[in-house]
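# Coordinates in review
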Amino acid sequence: AQACCWPENVDRRPPLHRNCALACCASSTRTMQARAVQVFLTTADGARLFEPMPNWHWMREKDLQHDEDRDEAEQAEEATLVKLFLDPEVQFQTIEGFGATLTDSSAFLMSRMAPIERRALLIRLFGPRSRGGIQLNLLRLPIGATDNSVSYQMGKITYDDVDHDFGLHNFSTSADDAYYIPLLREILEVSPEVHFIASPWTAPLWLKTSSIGLGEGTLRGGSAVMSTYAEYLVRYLQDYKSKGIAVSFLTLQNEPGHGGCGPMPCMTLWPDQEMHLATQVAQRLNSSNVSGVRLLAYDHNWAPTVLEAVVQRSMWALVALLAACTSWLVLMCIFRLCCRVHEETEDPPLLLAHLSLNREDSMSSRTDSGWGMKRSNSNSTRPVCYILLMSAWCCCLGAGMCFFAGVFPSAFPVQLSGMPMGPAYPAEVLTSAAGPLFAGVAWHCYGGSASAMGELDKRLHQYFGDDTPSVEHHITECTHVGGTFSYDLLWNQRELFIGGVNHGARSVMHWSLALDQHFGPHCDGGSCCTTCRGVVTVPRNTHVADDVVYNVEFWGLAHHSALVDRGSRRIFVKVAAATDVDATAYRTPHGEVVLVVANSKHKGDVTLDIRCNGYGFRFPLPPGVVTFVWSSWD
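Note that the structure is predicted; figures quoted are calculated from it, not measured.

## So, the pattern of salt bridges
- Per the counting criterion, the structure on display carries 18 salt bridges.
- With its nearest N and O atoms 2.9 Å apart, the salt bridge here joins Glu89 to Arg587. Of this pair, Glu89 sits in strand E4 (residues 81-94) while Arg587 sits in strand E17 (residues 581-587), and the two are 498 residues apart along the sequence.
- For Glu89, a relative accessible area of 52% gives the class exposed.
- In this structure Arg587 comes out as buried when scored by relative accessible area, which is 15%.
- The salt bridge partner of Glu477 is Arg140, with a shortest N-O separation of 2.8 Å. Note that Glu477 is positioned in strand E11 (residues 472-477) and Arg140 in strand E6 (residues 138-143), a separation of 337 residues in sequence. The two residues Glu477 and Arg140 agree in class, both being buried.
- Salt bridges linked by common partners bring Arg118, Arg119, Glu186 and Glu189 together as one network.

## Let's talk about unusual backbone geometry
- Looking along the chain, the bond that leaves Gly520 and enters Pro521 is cis, with omega of 0°.
- Looking at where Pro521 falls in the secondary structure, it is placed in the loop between strand E13 (514-515) and strand E14 (536-537).
- In this model, His164 sits at a positive phi of 55°, which is unusual for a non-glycine residue.
- Tracing the chain through its elements places His164 in the loop between E6 and helix H6 (180-190).

## Concerning the sheet that holds strand E19 (residues 606-612)
- Spatially, E2-E1-E21-E18-E17-E16-E4-E19-E20-E3 is the arrangement adopted by the ten strands of the open sheet, whose pairing is mixed. The open sheet is flanked by strand E2 (51-57) and strand E3 (59-60), the only strands paired with a single partner.
- Bridge count for E4 against E19 is six bridges, and the pairing is parallel. If you follow Val82 over to E19, its bridge partner there is Leu608.

## Looking at the layout of surface pockets
- Considering only enclosed or pocket space, the second largest pocket measures out at about 460 Å³ in volume.
- As for the second largest pocket, its lining consists of 24 residues, and the residues nearest its centre are Asp104, Lys156, Tyr159, Ala175 and Asp176.
- Here the residues of the lining of the second largest pocket sort into ten nonpolar, nine polar and five charged.

## Considering the confidence of the model for the chain
- Model confidence for the chain is summarised by a mean pLDDT of 82, while 73% of its residues fall at 70 or above.
- With pLDDT under 50 throughout, residues 1-33 is counted as low confidence; its partners more than four residues away or in other chains account for 59 contacts.
- Scored below 50 in pLDDT, residues 341-346 makes 14 contacts in the model with residues more than four places away or belonging to other chains.

## Examining the state of the cysteines
- Enumeration according to the criterion identifies four disulfides in this entry.
- Note on cysteine connectivity: Cys445 is disulfide-linked to Cys478, with sulfurs 2.0 Å apart. Residues Cys445 and Cys478 are joined by a disulfide whose S-S torsion is about 80°; by sign, that bridge is right-handed. On the criterion of sequence distance, the pair formed by Cys445 in the loop between strand E10 (438-444) and helix H17 (451-464) and Cys478 in the loop between E11 and helix H18 (485-502) is long-range, its members being 33 residues apart. This pair shows no difference in class: Cys445 is buried, exactly as Cys478 is.
- Two residues, Cys523 and Cys528, share a disulfide whose sulfurs are 2.0 Å apart. Judged by the sign of its S-S torsion, about -110°, the bond between Cys523 and Cys528 is left-handed.
- For Cys528, a relative accessible area of 9% corresponds to the buried category.

## A few points about the sheet that holds E11
- On the basis of which strands lie adjacent, the closed barrel formed by eight strands has the order E5-E6-E7-E8-E9-E10-E11-E12 and parallel pairing. Going from strand to strand, the sheet's axes swing by 25° on average, the running direction of each strand aside.
- Both E6 and strand E7 (residues 195-200) contribute to a ladder of six bridges, which runs parallel. Bridge pairing in E7 places Pro142 opposite Ser199.
- Where H6 meets the sheet, it contacts E6 and E7, and its direction lies at approximately 165° from that of E6.

## Brief notes about the packing of aromatic side chains
- Scanning the entire structure with this criterion turns up 21 aromatic pairs.
- On the numbers, 4.9 Å between centres and 80° between planes, the contact of Trp58 with Trp630 is edge-to-face. Of this pair, Trp58 sits in the loop between E2 and E3 while Trp630 is found in strand E21 (residues 624-631), placing the two residues 572 residues apart along the sequence.
- Note on Phe171 and Tyr232: the rings are 5.4 Å apart at their centroids and 85° apart in plane angle, and the pair reads as edge-to-face. In this pair, Phe171 is assigned in the loop between E6 and H6 and Tyr232 in helix H7 (residues 223-242), connecting sequence segments 61 residues apart. In this structure, Phe171 and Tyr232 share a single accessibility class: buried.
- Positioned above the aromatic ring of Phe92, the side-chain terminus of Arg570 is 4.1 Å from the ring centre.

## A short note on the packing of H18 against helix H19 (residues 552-561)
- As a packed pair, H18 and H19 sit with axes 9 Å apart at the nearest point and diverge in direction by 40°. Our classification of the angle between H18 and H19 gives oblique. Relative to H19, the crossing made by H18 is right-handed. Taken together, the residues of H19 that come into contact with H18 (itself represented by Phe485, Asp488, Leu489, Asn492, Gln493, Phe497 and Ile498) are Val552, Glu553, Trp555, Gly556, Leu557 and His560.
- Residues of the contact of H18 with H19, tallied by class, amount to seven nonpolar, four polar and two charged.

Calculation criteria
Residues numbered from 1 in each chain as written. Predicted model: local features only at pLDDT ≥ 70, side-chain atom pairs only at ≥ 80, totals over all residues. Heavy atoms only, no water. Salt bridge = Lys/Arg side-chain N within 4 Å of Asp/Glu carboxyl O. Helix = DSSP H or I, 4+ residues; strand = E, 2+ residues; numbered from the N terminus. Buried < 20%, exposed > 50% of the residue type's maximum accessible area, 1.4 Å probe, protein only. Pairing = 2+ DSSP bridges. 1 Å grid on protein atoms, 1.4 Å probe; cavity = no way out; pocket = protein on both sides within 12 Å on 5 of 7 lines; lining within 4 Å. Points joined across faces, edges and corners; volume = space filled by probe spheres on them. Nonpolar A, V, L, I, M, F, W, Y, C, P; charged D, E, K, R; others polar. pLDDT = per-residue confidence, 0-100. Contact = heavy atoms within 4.5 Å. Disulfide = S-S within 2.5 Å. Axes fitted to C-alpha atoms, helices over the stretch in contact; angles between N-to-C directions. Phe/Tyr/Trp six-rings, centres within 6.5 Å; stacked < 30°, edge-to-face > 60°. Lys NZ or Arg CZ within 6 Å of the ring centre and 35° of its normal. Parallel < 35°, antiparallel > 145°, perpendicular 65-115°, else oblique. Left-handed = near helix turned anticlockwise from the far one by under 90°.

What follows is the structure, encoded as structure tokens:
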């Protein structure tokens with residue numbers, strides 16, 4: 001019986017409830033054909049990292065029923081039982097893949113590794129499972145500099161940093177030939193299945209309204225600017241194709257609603273600008289030697305961040321704050337009038353604080369000793385003083401907001417002037433005349449939740465009705481920092497992978513593929529992320545493969561990328577009750593079913609009761625993530 005339950009190594013089995021072990025063993029004695037289930041487990045404490053576990057086996061549903069005289073241990077298990085139901089015949093979106101962004105910093109760090117060690121790392125990232133790889137098959141390519149770049153000198157920010165070069169005579173991607181392009185070619189040697197998504201962080205500065213600030217401005221007006229920038233983007237695609245890198249997707253601006261980035265490259269791009277730019281790019285693609293490039297709209301958050309939401313929902317707040325600041329002198333005059341302050345009063349603000357502390361007796365005793373105040377009724381002025389004190393605090397808050405606006409001068413104008421965020425932005429683009437030019441929408445995870453993708457689908461259906469076009473959803477960037485291994489593992493699964501896929505995402509990507517032990521190289525100040533972690537950490541002094549650290553992002557990706565091939569379809573799975581358990585499932589082109597389940601409970605195991613096509617099995621899952629794989633049957 002143990003050979004059935006633990007065919008690989010009996011000592012590696014996880015702690016099990018007794019009846020689960022018996023159920024697994026009993027399956028070998030049934031007349032039905034045993035169907036093995038592969039199991040891969042990552043625990044929230046990091047003790048197991050995408051570890052292959054002994055195979056599990058299906059049973060007929062009737063064999064999973066308990067006898068009425070269950071012992072105490074079995075009853076305790078029943079209390080933590082979570083039922084999941086699958087139907088492989090109910091299918092949804094086709095999966096494009098999983099991956100990360102190959103930033104300039106990522107390529108720089110990996111290029112400095114010894115060739116043998118670098119190849120070993122690339123096999124681990126992009127190679128097949130048979131070679132120990134997790135089969136990443138998507139890479140996002142920045143068009144120019146990002147906040148994770150090695151240099152921000154002119155000539156390395158964009159591919160044409162020569163002012164007023166509207167003919168793009170100085171356009172060149174030759175700077176990428178040093179280490180970026182060679183690394184991409186090596187990645188394709190390891191896995192020719194890798195597809196690429198390209199995104200610009202900023203246009204050449206001379207095409208922007210702010211030609212000095214790297215993180216300021218938007219595209220200047222005029223047809224010459226728009227046509228030049230469209231030609232710039234298409235030239236990038238052509239150059240990369242000539243070097244063996246065929247781009248599959250193009251977004252027209254990374255985070256188009258992000259303004260006031262300081263030294264970080266960025267640029268706001270309004271929906272009408274994106275529509276016009278898409279038209280120009282599509283025309284040039286049709287007449288170029290580049291084919292098969294699909295445009296993705298938006299490329300920003302599911303919803304505004306907390307700060308953006310507060311500002312965006314308070315368009316009159318700035319006006320009120322300015323009014324409060326300008327009325328400060330008026331308030332002081334009212335204070336003097338209400339409190340009957342004489343001209344000889346030395347410090348009205350100090351007196352305000354004094355009054356707010358309700359020291360009437362002390363103040364009345366000072367009528368002739370320096371305060372110069374005459375009061376006939378101290379109680380009558382106390383409410384006024386409290387109100388004025390609260391007004392003073394509001395003015396201090398206003399001063400702080402004005403300070404923020406001074407540090408990020410373009411953040412407030414963008415938000416207060418109505419930049420749509422979340423589903424509103426792509427909805428405006430996709431319902432325009434330029435809408436058919438886009439294959440789908442790119443999303444980031446830094447605000448809102450994955451349900452925004454479903455919200456966009458609803459808006460489009462309301463607009464188009466039965467003629468609603470098919471819109472792809474791709475999560476092109478996410479990095480979650482500041483948490484523990486346990487928190488980040490489960491958040492990424494619950495919100496990004498499982499949540500994203502269940503709401504229609506065809507691809508899920510993290511931010512930088514590789515960064516060093518200091519989360520760099522990166523820019524400093526402004527919106528530059530100085531704590532964003534790579535999928536792997538490659539120290540700058542790396543000498544051996546063991547120096548590379550595989551972060552929580554790597555193990556989270558593995559549960560999907562290593563087992564779900566491009567062309568797989570999401571299938572129906574339902575968690576029976578509202579619990580801390582989340583699940584998604586796929587059917588691969590090879591006929592396998594892949595089920596990923598995350599247990600966010602931090603106080604013990606849950607027992608998964610998984611049912612499919614009249615069969616089932618139970619599995620005790622500690623806090624963490626598990627992936628099951630089995631051959632489907634009709």
